[in-house]
Structure formats: structure tokens, C-alpha cells
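# Architecture at a glance
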Amino acid sequence: MHRIHPALRWTGTILLWAVVLLLLTLTIVPHLLDRVYYRGALSSHFDGEHFFNPDGDDDRLKTTQGRSRFGFMWRQAFGDAERPVWPERVAVTPSKPEARVDGGRMVVTWVGHATMLVQANGLNILTDPIWSDTAGPLGVGPRRVADPGIRFEDMPKIDLVLVSHNHYDHLDLTTLKRLWDRDRPRIVTSLGNDSVIGQAGVPATALDWGGRLTIRPGIEVAVTRNHHWGSRWFSDRNRALWSSFVVRMPGGNFFFAGDTGLGDGKWPAEAAALGPIRLAGIPIGAFRFEEGQMENGSHVGPPDAIRVWDGLGRPRAIAIHWGTFRLSREGRETPPLMLQGMLSCAGSDTARFAAHGIGEKVEIAPLGTTPPRPDLAALDRCIARGDFKALR
């Protein structure tokens, strides 16, 4: 009989235990990372364990050409020679907001990504605040190419914070902790996210879609539907809810779309039914995971952003969720250029729904006459003709 060399026997034993350890890790670790953020009654969008989009979940990790989203993420991390080049840094001139805005005025400053400072009726509102340099766990993730449009130390006292869902680029615990320690703002979010925010020792009020909370007399926050998903780890998917918001106040409401795909497209009208919207924050970026893509199940691109804007009643709107963190394949300037061109194709006023610079302070006019609806059929013809194909 041939005896196995001791070195080979030890190597085989080590490999065997390595495989066993790997299998145990794959079996056990996901359960350890599967946090239960919320327990409650079943509903049209909660099955007792996970939330879901009642208009159909189309947020699986696939692209229309069958290429996996994991493959995109791999290329995002380790290089993709075919994708448009982004700048390493973009110059930003930070602004210094007023302490308070009153007298019927409304002022908005886009801080970057989905973070907006909205000032009206003596109230300072901040949406999905993130001042961190990276959007991800433990400092790993997409890195800022543009500094915040307001330095944290120049931020006025914040009264109300809206947190749409638990993705790292929207729920940044470091920033929320800084805000809480400094200002003690009221933080409103959707179901389950209060558990995540509480990990930083910060209290938050979590409401279901349709829930309302009075902030002060005449001012109320309504949590409204949109179309997205949530996760902080690989295995806690949809344990917490996602949402948009309407802040109802004198002089016209503020609508914040959060992070969203179009879904059934009915939810913007549901938000508009709560009263006339004076200002909307609507995302336009992170829509392209393969060449030529105009939207995905999780994010609207400019064509669907125009449909959201139309469903809201064509209010004054600020384009958000572009040009701060690279989350997808399109060029940095592609979303705003596309938005402007598509609004022109649809016969709409390009100043009514506009992309502004990070840190730019914008005065929002009082409610007035509602503009005509965009010609969406004309927009579709422009897209089909290839008018925007060069915008990669």
C-alpha cells in the first residue's frame, strides 16, 4: 500500500475543514445579519416578515439584457473601461442659509444627492441627510465627488428630518447622530427604519403609508407610497419600509419622493390629493445599469421623473439624486442634460422642473396657475427617434 505523505494529508484536512467552515458561514451568517426591524399586522404591503410593493416588485437584481447587477457592482468596484468617465472631484461653493424663512417665502438648497434643506413657515426641513464622504457600511462604498452644498457648521437649526428608507446613501447614521446631538430635530421615517436609526441612540417616529404626524399647528407630515426596496445587509432585504413624504403647510405643500422607481405610476397623484404642491424634490439619476437604459425598477430616469412630476400636478420641482455619488453607469451630467432635453420635447417649461447646482439657493414662487400637461407621446417619439442616444 502507498502511504499518503503527511504534508498532503494535512493539506487535504485543512481544505476539507475550510469547505466545512465556508458552508457553515453561508448557512449561519445570513441569519445573524437578518435583522428584524419591524413586527406588526399584515397589510397590502407587509406579509408579516417583509414589506413589498403592492403594484408588483420589479427590483430583482437583473438587467433587461440578462446581465447580473452583481456583475455591474463588480465592474463598479474594480473598473469598467466602457462606462463614461466621472470627474474625481467637482468644485462646490457652499452657501450659508438664513436662520429662518417666513412671511410666505419658501427657499430650498440642494445639499447634494437626496439631501435638501427646505425652509418655509419658520420651519427648517432636511431630507435624507448625508454629510459622510462615503455611502456604505464601515466607510466602504461610493465616495463623494462633490462636497455638501452647505457645510454642516453653517446649517441652521433643523426642526424636521425626513428619512425615506434605510439604504446607506439615504440613512446615514453618522449624520443623523450629529444632527440629533446638535439640534434634537423631529425625525420622521417609515416603518422599521426607526429601529435602524435607534442603533445610533437617535429616536425617530416611524409611520406606515397613509400615516400622519402633526409637527406644529397647521403643519403636518404625511408618509406616502412610492416604489422601492430596503436593505442594510445582504439578508435583511425589505425588513423596513420605504416611502415618500408630503409636508402639508400654509402656502402649499412640500413633496419629497425619496428613492423610487415609477411602479404603477399612481402614487404621485395620491400625494397630490393631499393638497396643492408648491415644491417637489424628484430624483433623476442612478437609472442606468446597462447601455441605453432609461430607468430601472428602483430608480426613475428623466422620462419617468417627468411622469412623476406630471402626476404631482406639475409643481415647481428640483432634480435630486444625481451627481454626488456614482451609483450607476450613466455620466455625471447625463441626467440633467437629458431632463432638460426631454422637457423641451414634451413642450414643457424647463425652468419649472430644473436641475440646480449643489449649494445653489432657490427661491420658490407662491402657488399660481398650473401649467399644461407635458406631451408624453411626443417625448416617447423623441426617445424612439434616438434624440438622446449620445447622452451616455
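In the block above lies the structure referred to throughout.
First, a word on scope: everything that follows refers to the structure included in this document. None of these values were measured; they are calculated from a predicted model. (Residues numbered from 1 in each chain as written. Predicted model: local features only at pLDDT ≥ 70, side-chain atom pairs only at ≥ 80, totals over all residues. Heavy atoms only, no water.)

## Here's the deal with the overall build of the protein chain
For clarity, the cut-off: Numbering of helices and strands runs from the N terminus; a helix is a DSSP stretch of H or I covering at least four residues, while a strand is a stretch of E covering at least two. When accessible area is computed with a 1.4 Å probe and restricted to protein chains, residues below 20% of their type maximum are described as buried, those above 50% as exposed, and intermediate ones as partly exposed. Any two residues whose heavy atoms approach within 4.5 Å are treated as being in contact. For the area figures, the Shrake-Rupley method with a 1.4 Å probe applies, and any residue is considered shielded solely by the protein chains shown.
Counting secondary structure elements, the protein chain contains 8 helices and 14 strands. Every one of the 392 residues in the protein chain was classed for burial, and the buried ones make up 53%. Counting only contacts in the protein chain whose residues sit at least 6 apart along the sequence, the fraction spanning at least 24 positions is 72%. Of the accessible surface of the protein chain, which amounts to about 17800 Å², a share of 58% is contributed by carbon and sulfur atoms.

## Quick look at the packing of helix H6 (residues 302–311) against helix H7 (residues 334–345)
To keep things clear, this is the line we draw: Helix axes are fitted to C-alpha atoms over the stretch in contact, other axes to C-alpha atoms as well, and angles between N-to-C directions run from 0 to 180 degrees. Between 65 and 115 degrees an angle is taken as roughly perpendicular, under 35 as roughly parallel, over 145 as roughly antiparallel, and anywhere else as oblique. Helix crossings fall into two classes, left-handed where the near helix is turned counterclockwise from the far one by less than a right angle and right-handed where it is turned clockwise. In this count, Pro and Cys sit with the nonpolar residues alongside Ala, Val, Leu, Ile, Met, Phe, Trp and Tyr, while Asp, Glu, Lys and Arg are called charged and the others, Gly among them, polar.
Interaxial distance between H6 and H7 falls to 9 Å at its minimum, and their mutual angle equals 60°. Comparing the axis directions of H6 and H7 gives the class oblique. In this structure, H6 crosses over H7, and the sense of that crossing is right-handed. Contacts between H6 and H7 involve Pro302, Pro303, Ile306 and Trp309 on the former and, on the latter, Pro335, Met338, Leu339, Met342 and Leu343. Class assignment of the residues belonging to the contact of H6 with H7 gives a composition of 9 nonpolar, no polar and no charged.

## A look at the pairing of strand S3 (residues 123–127)
Defined as follows: Note: two strands are recorded as paired if DSSP finds a minimum of 2 bridges between them.
Of all 5 residues making up S3, 5 are buried, and the element is well covered by its neighbours. By the alternation rule, side chains of S3 split into Leu123, Ile125 and Thr127 and Asn124 and Leu126, which are all buried. Sheet topology places strand S2 (residues 115–120) next to S3; 4 bridges connect them, and they run antiparallel. Across the sheet, residue Ala120 finds its bridge partner in S3, namely Leu123.

## Concerning the state of the cysteines
Our working definition: In what follows, a disulfide is any cysteine sulfur pair within 2.5 Å.
Using the criterion set out here, one finds 1 disulfide in the structure. Two residues share a disulfide in this structure: Cys345 and Cys382, whose sulfurs sit 2.4 Å from each other. With the S-S bond torsion at -105°, the cross-link from Cys345 to Cys382 turns out left-handed. Of the two residues, Cys345 is situated in helix H7 and Cys382 in helix H8 (residues 376–385); the sequence distance between them amounts to 37 residues.

## Notes on H7
What counts here: One fewer than the residue count of a helix, multiplied by 1.5 Å, yields its expected span.
Across its 12 residues, H7 extends 16 Å between first and last C-alpha, which sits within 8% of the 16 Å expected from 1.5 Å per residue. Along H7, the residues classified as buried are Thr334, Pro335, Pro336, Met338, Leu339, Met342 and Leu343. Looking one or two residues beyond H7, the residue adopting positive phi is Gly347, at roughly 75°.

## Some words on the side chain of Asp172
The criterion, for reference: His is not counted here, nor are the chain ends, while Lys and Arg score as positive and Asp and Glu score as negative. We count a salt bridge whenever a side-chain nitrogen from Lys or Arg sits within 4 Å of a carboxyl oxygen from Asp or Glu. Nitrogen and oxygen atoms within 3.5 Å of one another constitute a polar contact, given that in protein one can donate a hydrogen and the other can accept it, and given that sequence-neighbouring residues count only through two side-chain atoms.
Mapped onto the elements, Asp172 comes out in the loop between strand S4 (160–163) and helix H3 (173–183). Arg232 provides the closest opposite charge to the buried, unpaired Asp172, separated from it by 6.7 Å. In this structure the side chain of Asp172 is engaged in a polar contact, spanning 2.7 Å, whose partner is the side chain of Ser132. The residues contacting Asp172, other than those within four sequence positions of it, are Pro129, Ile130, Trp131 and Ser132.

## Here we look at the nonpolar core
Note the following rule: The set of buried Ala, Val, Leu, Ile, Met, Phe, Trp, Tyr and Cys residues whose side-chain atoms join them within 4.5 Å is what this entry labels a nonpolar core.
Phe254 and Phe353 are the most contacted members of the largest nonpolar core, which totals 68 residues. The residues touching Phe254, leaving out its near neighbours within four places in the chain, are Met116, Val118, Ile125, Thr127, Leu162, Phe245, Val246, Val247, Met249, Leu279 and Gly281. Ranked by size, the runner-up nonpolar core spans 22 residues in total, among them Met155, Leu179, Val196 and Ile197.

## Some words on the pattern of salt bridges
Scanning the entire structure with this criterion turns up 20 salt bridges. A salt bridge links Arg105 to Glu363; its shortest N-O distance comes to 2.7 Å. Residue Arg105 is located in the loop between helix H2 (69–78) and strand S1 (106–112), and its partner Glu363 is located in strand S14 (residues 361–363); the two are separated by 258 residues in the primary sequence. Counted as one network, the salt bridges with shared partners bring together Asp55, Arg225, Asp264 and Glu270.

## A short note on H6
Along an α-helix, a turn takes 3.6 residues, which lines up residues three or four apart on a common side. The element H6 is largely enclosed, with a buried count of 8 among its 10 residues. Burial in H6 covers these residues: Pro302, Pro303, Asp304, Ala305, Ile306, Val308, Trp309 and Asp310. In the core, the buried residues of H6 are packed alongside helix H5 (267–272), strand S11 (277–283), strand S12 (316–320), H7, strand S13 (353–354) and H8. Residue Gly313 follows H6 closely and has a positive phi angle near 100°.

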